[in-house]
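# Descriptive structure summary
Residue-level listing of the chains:
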Amino acid sequence: MLDRTLAALDAEARANLDIELSPREFLMDYLSAAFPTRQMRTYTDDSGNVRSEPMTDEDGRPVHSQEALQMREQLLEELCALPVVGSALDHIIGHFGVDQVAEVTGRLRRIVADARGGQRLESRSPRSNLAETDAFMRGAKRILIFSDAGGTGRSYHASLAAENQSRRIHYLLEPGWRADAAIQGLGRTHRTHQASAPLFRPVSTDCRGERRFISTIARRLDSLGALTRGQRQTGGQGLFNPHDNLESDFAKDSLVTWFRLLFAGKLASTSLTDFQALTGLNLEGEGGGMVEDLPPIQRWLNRILALRISLQNAIFDEYLGLIEARIEAAREAGTLDVGVETIDAERITILDRTCIREDPVSGAVTEILRLETEQRYRPVSRDRVEWLLQGGESRCVVNRRSGKAAICSATHSLTDEDGQLVKRWELVRPARTERHRQDLFLETLWEDADAEEFAKLWDQEVEELRHRTRTETIYLVTGLLLPVWGKLPDDHVQVWRLKTEDGQSLLGRLIPAPMVSKVSSAFGVAGGIEIAPTDIVRHVLDSGGVEPVGAYHLKRSLVAGEQRLELIDWPPSRLAELKALGCFSEIIAYRTRLFLPPARAADILARIAA
């Protein structure tokens, strides 16, 4: 484009060099050639179907609609009046200046601003890429822009041998369609012998339809991760969340639900009639019901891109809410496949090991290991807090009863089965993150607070966490897994990689504590494996599952905004006995319920199950 534009300039224009490099010319040519102006007429064929065809005059010349011609001219006029939208590369260089930006793209000429506010043509030799890379690695230029053409064979990480060892913040702009190229580009700033790991940030606009392109990269990175020993973090670098992949099984199931809600008239974004007219996708069958062969997700995504941005965003909000609801349900049930996870702990100790199978041919064994992990809390730093509070989209809240502080901000909404959007708040606390429905948030004890009160409570909790560690007992099935995989629980499919304090590297399947006895019994281990009550309590609090305790069951219940351990299925005749063992009762909605105090829950369970 630059060469053609320069060739069309006369001598005076070349001297002043005031040119515009934008896709405006291509858009105008496209509109002039492709805008439909032919007049159409309708007719009925021999089968009784209504069809249309272009009109011609008596001499066989095409007949054009004057209204369509006027619309085309008006659109061209408005297009020429729009401000220039330049490339991201030129915008960044124009804003920060050539003295601050190192460009490694391979282009030989570029237009840059001069000191007088005009433009000048700058020629670049093939060695410019080497000079620009050296300037960035020395710290002479703080910003680096590189492309596929300029990034091959070079490293831009915070090398310990370079002068510029500041942390790299890698913005992924225009990632393209090739997952292997995206990974190669990310690898330029993330290598061994570096002072710090980079921070990757994919860039997209607030147009929801643009997630179609991010989704393709996320899907292909997941597929590539399947080739890297099953560890999806190797392919995706942990860059994308499960809801970024709009072509996963969660996304496909959510689309079917979205179609059904649309057909039932329960969606607020659009109606069935308008959607079919705008997208050309037919969902209604001959008998008035919904067609069985629904449009595939790729076609639906492509048609959505043709809608107005406001309608795109409304439809995507509902659709992404359905995906988020399914992913959260899978995560809570333990069925979300996240590949192999590497556990980073201060200490991992093997307490005991039980052999549940020995291969008769190879002699390889399958074991259940009881491990104790000790992990140190890593509270959110003050710099991170200040960053989260920038822009005014987040606010400070405190729970004055518990003396805790949190940052409250909007997060992904959910879409229920009635098609209603359920908006949520995300609470970022020093050591964890939790989400609440906005309509129920007022019932909690979290309240808005000023900066001084928030900072005091936040720093107080951070200081407490710095001197604490949390110890947890986990159960890992390791060794020869393939022959026993079918007998392991279908839910809670988590594969962990860890290294013990004595140097042993382990790869195995995590098993929730209450299921260990069932798994060991299934392989004929006499008496099973006894699970400590503390492990059962921790599992119920973490997962929200319902676990048997003797003749009763233990569950997690939300009461007055607090998570409690509740004992259920107890007979009224044993109320006094259970209270004597340490349970406490409370009448809620005219019904007596029994709860266990968390500090003594393990001891009480041991006595109940005895």
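The text that follows walks through the structure, step by step, so that each part is easy to find.

Thresholds applied
- Residues numbered from 1 in each chain as written.
- Predicted model: local features only at pLDDT ≥ 70, side-chain atom pairs only at ≥ 80, totals over all residues.
- Heavy atoms only, no water.
- Helix = DSSP H or I, 4+ residues; strand = E, 2+ residues; numbered from the N terminus.
- Buried < 20%, exposed > 50% of the residue type's maximum accessible area, 1.4 Å probe, protein only.
- Contact = heavy atoms within 4.5 Å.
- Patch = residues over 30% accessible without salt bridge, like charges linked within 9 Å, V, L, I, M, F, W, Y side chains within 5 Å.
- Areas by Shrake-Rupley, 256 points an atom, 1.4 Å probe, with all protein chains shown as cover.
- Salt bridge = Lys/Arg side-chain N within 4 Å of Asp/Glu carboxyl O.
- Pairing = 2+ DSSP bridges.
- Axes fitted to C-alpha atoms, helices over the stretch in contact; angles between N-to-C directions.
- Parallel < 35°, antiparallel > 145°, perpendicular 65-115°, else oblique.
- Nonpolar A, V, L, I, M, F, W, Y, C, P; charged D, E, K, R; others polar.
- Core = buried A, V, L, I, M, F, W, Y, C linked by side-chain atoms within 4.5 Å.
- Expected span 1.5 Å × (residues − 1).
- Polar contact = N/O pair within 3.5 Å; in protein donor to acceptor, adjacent residues only side chain to side chain.

With that settled, consider the overall build of the chain. Scanning the chain from terminus to terminus reveals 21 helices and 26 strands. Counting all 610 residues of the chain, 40% fall into the buried class. Here the contacts in the chain between residues at least 6 apart in sequence split such that 60% fall between residues at least 24 apart.

A surface patch of nonpolar side chains, amounting to about 350 Å² of accessible area, comprises I169, Y171, L173 and V203. Position of I169 among the secondary structure elements: in strand β7 (residues 169–172).

When we look at burial in helix α18 (residues 513–522), the residues that qualify are A513, P514, M515, V516, V519 and S520. Note on α18: the residue one or two positions beyond its end, G524, has a positive phi of about 80°.

Across all of its chains, the model carries 30 salt bridges by this definition. A salt bridge links R61 to D57; the nearest nitrogen and oxygen atoms lie 3.2 Å apart. The network of salt bridges with common partners includes R429, R432, E434 and E461.

For a regular strand, side-chain orientation follows a simple rule: the groups alternate between the two sheet faces. As paired elements, strand β11 (residues 365–376) and strand β19 (residues 469–479) share 11 bridges and run antiparallel to each other. Note on β19: the bridge partner recorded for I368 is V477. In this structure, β19 lies alongside strand β21 (residues 505–511), joined through four bridges in antiparallel fashion. For L476, the partnering residue across the bridge sits in β21 and is L510.

The geometry of a pair of packed helices is captured by two quantities: the angle between their axes and the separation between those axes. Relative to each other, helix α3 (residues 24–34) and helix α4 (residues 66–81) sit at 175°, their axes nearing to 10 Å. Judged by the angle between their axes, α3 and α4 are roughly antiparallel. Residue-level inspection shows R24, L27, M28, L31 and S32 of α3 in contact with α4, the latter providing R72, L75, L76, L79, C80 and A81. In terms of residue class, the contact of α3 with α4 is built from eight nonpolar, one polar and two charged.

Considering soluble globular proteins, one finds that nonpolar side chains tend to be buried as a cluster. Of all hydrophobic cores here, the largest spans 33 residues; its most connected members are L567, L578, C583, L596 and I608. At the level of secondary structure, the elements contributing two or more residues to this core comprise β19, α18, α19 (533–543), β23 (552–559), β24 (562–568), β26 (591–596) and α21 (601–609). Setting aside its immediate chain neighbours within four residues, L567 contacts Y552, H553, L554, L578, C583, L594, L596 and I608. Core analysis: the second largest hydrophobic core is formed by 26 residues, L261, L294, L311 and Y319 among them.

Quick look at helix α11 (residues 249–263) now. One turn of an α-helix holds 3.6 residues; hence residues three or four places apart share an orientation. Over its 15 residues, α11 extends 21 Å from the first C-alpha to the last, a length consistent with the 21 Å expected when each residue adds 1.5 Å. Every buried residue of α11 is listed here: A251, S254, L255, T257, W258, F259, L261 and L262. Once α11 ends, the next one or two residues include G265, with phi positive near 75°.

Another aspect to go through is the sheet that holds strand β13 (residues 404–410). Across the sheet, which stays open at both edges, the five strands sit in the order β17-β16-β13-β12-β18 with antiparallel pairing between neighbours. Looking at strand neighbours, the two that pair on one side only are β17 (433–437) and β18 (446–448), the edges of this open sheet. Direction aside, the axes of adjacent strands within the sheet are offset by 35° on average. Sheet analysis places strand β12 (residues 394–399) next to β18, joined by three bridges and oriented antiparallel.

The strand order across the open sheet formed by five strands is β22-β23-β24-β26-β25, and the pairing between neighbours is antiparallel. Looking along the sheet, the strands with just one partner apiece sit at the ends: β22 (547–549) and β25 (584–588). Averaged over all adjacent pairs, the angle separating strand axes in this sheet is 50°, with direction ignored. Two strands pair when backbone bridges link them, and β22 and β23 are joined in this way by three bridges, in the antiparallel orientation. Bridging across to β23, V549 finds its partner in Y552.

What follows deals with the side chain of Q312. Structurally, Q312 can be placed in helix α14 (residues 309–333). With relative accessibility at 3%, the residue Q312 sits in the buried group. Among the polar contacts listed, one links the side chain of Q312 to the backbone oxygen of L305, at a separation of 3.2 Å. Discounting chain neighbours no more than four positions away, the residues touching Q312 are C207, R208, G209, I304, L305 and L307.

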